[in-house]
Amino acid sequence: MLPMKNKFFGANWKMNLTTSKATDYFKTFEKLFATHSLTHKDIVFFPPMQLLAFIHSQFNQNIKVGSQNFYPQKQGAFTGEVSADMLLEDGISWVLIGHSERRSHLQEQDSLIKQKVLWALENNLNIVLCCGEDLSIRENGQEKTFIQKQLLSALEEVNPSHASKIVIAYEPIWAIGTGKVATSEQIGEMHQFLDHNLSSLGFNTSLIRIIYGGSVNAQNAKEILSIPYVDGTLVGSASLNPKDFFTIIDA
Ligand code: 13P
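Reference entry: report on the structure contained in this document. It should be emphasised that the depicted structure is a prediction, and the values quoted were computed from it without experimental measurement. (Residues numbered from 1 in each chain as written. Predicted model: local features only at pLDDT ≥ 70, side-chain atom pairs only at ≥ 80, totals over all residues. Heavy atoms only, no water.)

**Section: the pairing of strand E3 (residues 63-67)**
Piece 1. When you tally the buried positions in E3, you get four out of five residues, the bulk of the element.
Piece 2. Pairing geometry for strand E2 (residues 41-46) and E3, over three bridges, is parallel. In the strand pairing of E3, Ile43 is matched with Ile63.
Piece 3. Pairing of E3 with strand E4 (residues 94-97) involves two bridges; the strand directions are parallel. Within the sheet, the bridge partner assigned to Gly66 lies in E4 and is Trp94. (Buried < 20%, exposed > 50% of the residue type's maximum accessible area, 1.4 Å probe, protein only. Helix = DSSP H or I, 4+ residues; strand = E, 2+ residues; numbered from the N terminus. Pairing = 2+ DSSP bridges.)

See below:
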């Protein structure tokens, strides 16, 4: 029997929506949630930095807000960056680390991702650590070796006592924003592989959620969420529509 974990639903808004559009979004979202129980579900919004404090002010404690980025230093001359202390003081308790778009567009390397993971966990932030292979790696059958390397590099120095603050998002790059979802077999196999690797690193995997991201939408969420070892979803474009994101959470 696999352990029961709260399902995790992340909305990664990327560089989308403005304050006025977010205000309209939450008017609809609140109506949908008025009659809905959030028991056993963790919902975290990752809006652009500019909207973090505003979105945090919209919610009670059931819904959390996370940052798409931060810098792993206390404070100082790091133009354009935000610190863990700044986020925590404003009630922002989650961060995304290692998203493929930051790895490719902002040249974030495994070494920076490792520093961010260690810094976030030591400074009381919860993390969604993203991993995922591109199409050529998948076509060459190298996806497991690649994911194992990403996971090991990011987590090898992490104290396993941090397990409950860690969510792993498997997001195959070829499935992000393409409408091309990985098959149930591909997702199930990789999530089980991740679970075993986390155990080998000394983590109690009944405390770590492993979630899937890549073209998740209102139509396919139910099937994805029924795959063994899938503890939730990280949603990009479909999370920009409150009705679609609600349907995914409700699936
Ligand atoms: P899409 O849901 O738009 O494919 O994006 C997935 C993603 O990158 C979530 O982090």
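Having seen it, we continue.
**Points about helix H7 (residues 143-155)**
Note on helix geometry: an α-helix contains 3.6 residues per turn, so any two residues three or four positions apart are oriented the same way.
Piece 1. The first and last C-alpha atoms of H7 sit 18 Å apart over 13 residues, in line with the 18 Å expected at 1.5 Å per residue.
Piece 2. All buried positions along H7 are accounted for by Glu143, Ile147, Gln150, Leu151, Ser153, Ala154 and Leu155.
Piece 3. Those residues of H7 hidden inside the fold are in contact with helix H4 (100-105), helix H5 (110-122), strand E5 (126-131), helix H6 (135-139), strand E6 (166-170) and helix H8 (184-200). (Expected span 1.5 Å × (residues − 1). Contact = heavy atoms within 4.5 Å.)

**Here we look at the packing of aromatic side chains**
Piece 1. Evaluated as defined, the whole model comprises 16 aromatic pairs.
Piece 2. Judged by centre distance (5.1 Å) and plane angle (90°), the ring pair of Phe33 and Phe246 falls under edge-to-face. Of this pair, Phe33 sits in helix H1 (residues 19-33) while Phe246 sits in helix H10 (residues 242-250), placing them 213 residues apart in sequence. Accessibility classification places Phe33 together with Phe246 in one group, the buried group.
Piece 3. Members of the aromatic cluster, joined through ring pairs, are Trp13, Tyr25, Phe26, Phe29, Phe33, Phe45, Phe245 and Phe246. (Phe/Tyr/Trp six-rings, centres within 6.5 Å; stacked < 30°, edge-to-face > 60°.)

**Quick look at the site of the ligand**
Piece 1. Close contacts around the ligand come from Asn12, Lys14, His99, Glu171, Ala175, Ile176, Gly177, Gly214, Ser215, Leu234, Gly236 and Ser237, and that covers them all.
Piece 2. At 2.9 Å, a side-chain N or O of Glu171 approaches an oxygen atom of the ligand.
Piece 3. A distance of 2.8 Å separates an oxygen atom of the ligand from a polar atom in the backbone of Ser215.
Piece 4. When isolated, the ligand has an accessible area of 300 Å², and the protein chains bury 97% of it.
Piece 5. For the shell around the ligand, a count of residues per class yields three nonpolar, seven polar and two charged. (Near = heavy atom within 4 Å. Polar contact = N/O pair within 3.5 Å; in protein donor to acceptor, adjacent residues only side chain to side chain. Areas by Shrake-Rupley, 256 points an atom, 1.4 Å probe, with all protein chains shown as cover. Nonpolar A, V, L, I, M, F, W, Y, C, P; charged D, E, K, R; others polar.)

**Re the packing of H7 against H8**
Piece 1. Where H7 contacts H8, the two axes come as close as 11 Å, and the packing angle between them is 35°. H8 is crossed by H7, and the crossing has right-handed handedness. Judged by residue contacts, Glu143, Lys144, Ile147, Gln148, Leu151 and Leu155 of H7 engage Glu189, Met190, Phe193, Leu194, Asn197 and Leu198 from H8.
Piece 2. Here the contact of H7 with H8 is built from residues that sort into seven nonpolar, two polar and three charged. (Axes fitted to C-alpha atoms, helices over the stretch in contact; angles between N-to-C directions. Left-handed = near helix turned anticlockwise from the far one by under 90°.)

**Here's the deal with unusual backbone geometry**
Peptide bonds are, in most cases, trans, and in most cases residues other than glycine have a negative phi.
Piece 1. Positive phi outside glycine occurs at Asn124, with the angle close to 70°.
Piece 2. Among the secondary structure elements, Asn124 is positioned in the loop between H5 and E5.
Piece 3. The backbone phi angle of Tyr229 is positive, close to 75°, even though this residue is not glycine.
Piece 4. Relative to the helices and strands, Tyr229 resides in the loop between helix H9 (221-225) and strand E8 (232-235).

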